Amino acid sequence: MPLLKRTPFSLLEPPKDLDPNEKVFQIDFTKEIFRDYQEYLNRLDLYHQNVWTCKVSGKSKLTYKEALICEQQAAAKAQQLPKELMAPVLRMIQHSTLSLTDLVDKVYSSLVLDLFEGLELHAKKDGSEAACKILKVISSDGTKSYEVGWIGKGNEVIDTSVVKADDLIRKKAPTSRKALKFFIRESTSETSPWTLHADLAKKYGIPTEVPVDIMNGEGLNKGRKRFVNEEDASKNLKKGQLVEPRVKYPIDDLLVKPAADDPILSNRPPPSKDFRVPVDSVGDLLMVWNFCLSFGRLLCLSPFSLSDLENAICTKESNLVLVVEIHSALLHLLIKDESEYFTILQNKKKILKVTFVKWSEYLCNFLEMISKEEFSGKVSTIRRGSYGLLETRLKLKILRELVEEAITTSSVREKIAEQIDQQGALVAARKEDARKNRGEKLNVEGVAENGRNHTDNTLDGDKPPKGQRSGEEREDLNILSSSKMFLRRHPETEMEQQSVLPSPLGKDRFYNKYWFFMCEGRLFVESENSREWGYYSTKQELDALLGSFNIKGIRERALKRQLDKLYDKISNALESRLKDVQQKMLLQGVEVRRSSRLHAQQKEDMSFLQYVNKWKQK
């Protein structure tokens, strides 16, 4: 059952004395019945809010239906645990006071190191390896041996024998940590301590009575209290004095609690959301723009700004140069790949070249090829030359489909593989340079030491003046210094230039992702469900954002480290973009006011109308 803001939620019972002929309102996915229409609407509205959590996977910020689907999928993964492991795993879970992470680690380690009855693995038999199943664990004089059944072709035991532990071979872990996490959540009803469902405990013969000494257990779940040490545990128990356990940070961000000695965190500034495209389409906009920028040479499409693409896609004109060039470049790539789209054009006896006049016909052929219902009703509109009248959201979905198809082409895959190989070579070069630098440093120190010894043995009249070096020494040091600077900077610069696979900088406590693109002076924020986007555009906002992160949390600690590492680059990009926007506004005769928000700046930028594709093939 989905959790409401991470707490259990109970469905409503049917109304009492319900007349079979009475008209009522029912929610189809919960089967709850309401006599009052307003109560029905209120409950339905609650189910549509992103406040629900999947009980099995722990994923939050879902609607009720999304959480139900997530639970079904996670429960299916939880059942992947081998049946022979269920009993020992359930015994380790029952009444454990460990946190979920610690409990998963403990169970996983036990499964890897220990052997259980029913476990299938391999063992040495007549000088070779054969599949077998442990039938019985035999203990004698502090040592263990195992009665195993040898498994035949039909997965049946065909023979038995007793083997030693050294003869047993495990080629892989019996399960994964993720499957264990799902299984623990699926099989328990309480978490402090972990308590199995009554029917599950009964099925496997596991005691349900909570031990008296549970407070002195092996660990504690979040919010649990324990004694300072075991020596005065009984004394404290009599007095009723309990103290909070020490928490080892970082921990999951949502479990972090404020303490008296914590530094004061700044208020997190709200991200700006003044996009021209719908907020839930910003992800498509960024994907298309970044792909065109990363593979511009391959597409024969010269660079353009994100604002230019946003303004062009929101315009009602059908034959804007930028829009036509993007579609034509992507369609040309599909034709060049000679895949399904190429075959369709050949069958229709089309000229294999997309022109400025007939580009919309080639786009219609592509939409007919992918045959998606949301596009089927718009093909006639595009064919009539009215592409610009489509909704902005639909235009971006079409471009996204083109990009996703382009990614599957052999030329793009080869480019990605090439870039990955180059990045690997750059990493190896950086390691080699670091190794050489260490060797050079030792050599320089040795030469300097020898030089000092030599100088000490010369006459006073032979010493160079204080604070001066010979011309040869100065030249050698300058060459060494400049080469070290080059080796220190060159690989990372090359790495940025070679990167074609963007990835988020990290996540904050609420699982929002942060994105930064070197060619766009904004820091973008993507909500957990990817339905909402925002951005920060000034250095002041960046500073306030950094000051709002709590490094006691795992996610925000990692995100802050990454932002600190890239702080200079990001802040310089933000300042540079701010200056560019102000300069454009000055040229347009608009009064410039420096503020934390550049209101409607993109709406006034008409530079997309002057776009010329300088890389276009003739």
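For clarity, every value in this text was computed on a predicted model and none was experimentally measured.

Engineer: Explain the overall build of the chain to me, and be specific about the residues and the numbers.
Structural biologist: Counting secondary structure elements, the chain contains 21 helices and 15 strands. Residues counted as buried form 39% of the 618 residues belonging to the chain. Taking contacts inside the chain between residues at least 6 apart in sequence as the whole, the part at least 24 apart equals 58%.

Engineer: Please set out the environment of Asn 319 residue by residue, giving values where relevant.
Structural biologist: Mapped onto the elements of the fold, Asn 319 is located in the loop between helix 10 (306-314) and helix 11 (321-337). Not counting residues up to four positions away in its chain, the partners in contact with Asn 319 are Val 324, Phe 356 and Trp 359. Only 2.9 Å separates the side chain of Asn 319 from the side chain of Trp 359, close enough to count as a polar contact.

Engineer: How would you explain the pattern of salt bridges if you had to name every residue and give the values?
Structural biologist: Tallied over the entire structure, the rule returns 26 salt bridges. Across the salt bridge formed by Arg 531 and Glu 66, the nearest N and O atoms sit 2.5 Å from each other. With Arg 531 in the loop between strand 14 (520-526) and strand 15 (533-536) and Glu 66 in helix 2 (residues 64-78), this pair connects stretches of sequence that are 465 residues apart. Linking Glu 368 and Lys 348 is a salt bridge whose minimum nitrogen-to-oxygen distance equals 3.1 Å. Of this pair, Glu 368 sits in helix 13 (residues 359-370) while Lys 348 sits in the loop between helix 12 (340-347) and helix 13, and the two are 20 residues apart along the sequence. Accessibility expressed as a relative area gives 41% for Lys 348, which makes it partly exposed. When salt bridges that share partners are traced, they join Arg 268, Asp 508, Arg 509 and Glu 556 into one network.

Engineer: Break down the sheet that holds strand 5 (residues 120-125) for me, with residues and values.
Structural biologist: Spatially, the five strands line up as an open sheet ordered 8-7-6-5-9, and their pairing is antiparallel. Looking at strand neighbours, the two that pair on one side only are strand 8 (157-164) and strand 9 (168-169), the edges of this open sheet. For strand 5 and strand 6 (residues 128-140), the ladder comprises six bridges, and the chain directions are antiparallel. What sits directly across from Ala 123, in strand 6, is Ala 130.

Engineer: Would you mind going over the sheet that holds strand 14 in detail, with residue names and values included?
Structural biologist: If you trace the four strands from one edge of the open sheet to the other, you get 12-13-14-15, paired in antiparallel fashion. Sheet topology places strand 12 (506-507) and strand 15 at the edges, where each strand pairs with a single neighbour. Pairing between strand 12 and strand 13 (residues 513-517): two bridges, direction antiparallel. In the strand pairing of strand 13, Gly 506 is matched with Tyr 514.

Engineer: Account for the nonpolar core, with residues named and values stated.
Structural biologist: Membership of the largest hydrophobic core comes to 62 residues, with the highest contact counts inside it found for Phe 304, Ile 326, Leu 330, Tyr 341, Phe 366, Leu 367 and Phe 524. Among the elements that take part in this core, helix 11 stands out by supplying ten residues, more than any other. Of the domains in this structure, domain 3 (279-414) and domain 4 (502-593) are the two that each give at least three residues to this core. The next biggest cluster of nonpolar side chains, apart from the first, holds 34 residues, and it includes Met 86, Val 89, Met 92 and Ala 123.

Engineer: Run through the pairing of strand 13, naming residues and quoting values.
Structural biologist: Counted residue by residue, strand 13 has four buried out of five residues, so it is predominantly covered. Here strand 12 folds back onto strand 13, and the loop between the two strands holds five residues, one of which, Tyr 511, carries a positive phi near 70 degrees. The pairing of strand 13 with strand 14 spans five bridges and is antiparallel. Bridge pairing in strand 14 links Phe 516 to Leu 523. Counting the residues that bridge the hairpin from strand 13 to strand 14 gives two residues.

Engineer: Quick one: what's the story with the pairing of strand 6, residue by residue and with numbers?
Structural biologist: Counting the residues between successive antiparallel strands, the hairpin from strand 5 to strand 6 contains two residues, one of them, Asp 126, with a positive phi of roughly 55 degrees. Inspection of the sheet shows strand 6 paired to strand 7 (residues 143-151) by eight bridges, in the antiparallel sense. Bridge pairing in strand 7 places Ser 139 opposite Lys 144. Where strand 6 hands over to strand 7, the hairpin turn is made up of two residues, of which Asp 141 adopts a positive phi near 55 degrees.

Engineer: Help me get a handle on helix 16 (residues 392-407), residues and values and all.
Structural biologist: With 16 residues, helix 16 should reach 22 Å at 1.5 Å per residue; the first-to-last C-alpha distance of 23 Å fits that figure. For helix 16, every residue scored as buried is listed here: Thr 392, Leu 394, Lys 395, Leu 396, Ile 398, Leu 399, Glu 401, Leu 402, Val 403 and Ala 406.

Engineer: Can you lay out the packing of aromatic side chains for me, pointing to particular residues and giving the numbers?
Structural biologist: What the rule picks out here adds up to 19 aromatic pairs. Consider the rings of Tyr 514 and Phe 549, whose centres lie 6.2 Å apart with planes at 90 degrees: the pair is edge-to-face. Of this pair, Tyr 514 sits in strand 13 while Phe 549 sits in the loop between helix 19 (539-547) and helix 20 (554-565), and the two are 35 residues apart along the sequence. This pair shows no difference in class: Tyr 514 is buried, exactly as Phe 549 is. Connected via pairs of aromatic rings, a cluster forms that spans Phe 275, Trp 289, Trp 515, Phe 517, Phe 524 and Tyr 535. The ring of Trp 615 carries the charged tip of Arg 297 above its face, separated from the ring centre by 3.6 Å. Over the face of the ring belonging to Tyr 362 we find Lys 350, whose NZ or CZ atom lies 5.9 Å from the ring centre.

Engineer: Any details on helix 8 (residues 282-294)? Residues and values, ideally.
Structural biologist: If you check helix 8, its first and last C-alpha atoms are 18 Å apart, about what 13 residues at 1.5 Å a residue would give, namely 18 Å. Buried within helix 8 we find Val 282, Gly 283, Asp 284, Leu 285, Leu 286, Val 288, Trp 289, Asn 290, Phe 291 and Cys 292.

Engineer: Describe the environment of Ile 33, and please don't skip the residues or the numbers.
Structural biologist: Among the secondary structure elements, Ile 33 is positioned in strand 3 (residues 33-34). Sequence separation between Ile 33 and Pro 15 is 18 residues, and the spatial gap between their C-alpha atoms is 7.1 Å. When sequence neighbours within four positions are dropped, the list of residues in contact with Ile 33 reads Pro 15, Leu 18, Val 24, Phe 25 and Gln 26.

Engineer: I'd love a proper account of the packing of helix 13 against helix 16, names of residues and values included.
Structural biologist: Where helix 13 contacts helix 16, the axes come no closer than 11 Å and their chain directions differ by 75 degrees. Taken together, the axes of helix 13 and helix 16 lie roughly perpendicular to each other. Contact with helix 13, carried on its side by Leu 363, Phe 366, Leu 367, Met 369 and Ile 370, involves Ile 398, Glu 401, Leu 402 and Glu 405 of helix 16 and no other residues of that element. Here the residues of the contact of helix 13 with helix 16 are counted per class, giving seven nonpolar, no polar and two charged.

Calculation notes
- Residues numbered from 1 in each chain as written.
- Predicted model: local features only at pLDDT ≥ 70, side-chain atom pairs only at ≥ 80, totals over all residues.
- Heavy atoms only, no water.
- Helix = DSSP H or I, 4+ residues; strand = E, 2+ residues; numbered from the N terminus.
- Buried < 20%, exposed > 50% of the residue type's maximum accessible area, 1.4 Å probe, protein only.
- Contact = heavy atoms within 4.5 Å.
- Polar contact = N/O pair within 3.5 Å; in protein donor to acceptor, adjacent residues only side chain to side chain.
- Salt bridge = Lys/Arg side-chain N within 4 Å of Asp/Glu carboxyl O.
- Pairing = 2+ DSSP bridges.
- Core = buried A, V, L, I, M, F, W, Y, C linked by side-chain atoms within 4.5 Å.
- Domains from an automatic or database assignment.
- Expected span 1.5 Å × (residues − 1).
- Phe/Tyr/Trp six-rings, centres within 6.5 Å; stacked < 30°, edge-to-face > 60°.
- Lys NZ or Arg CZ within 6 Å of the ring centre and 35° of its normal.
- Axes fitted to C-alpha atoms, helices over the stretch in contact; angles between N-to-C directions.
- Parallel < 35°, antiparallel > 145°, perpendicular 65-115°, else oblique.
- Nonpolar A, V, L, I, M, F, W, Y, C, P; charged D, E, K, R; others polar.

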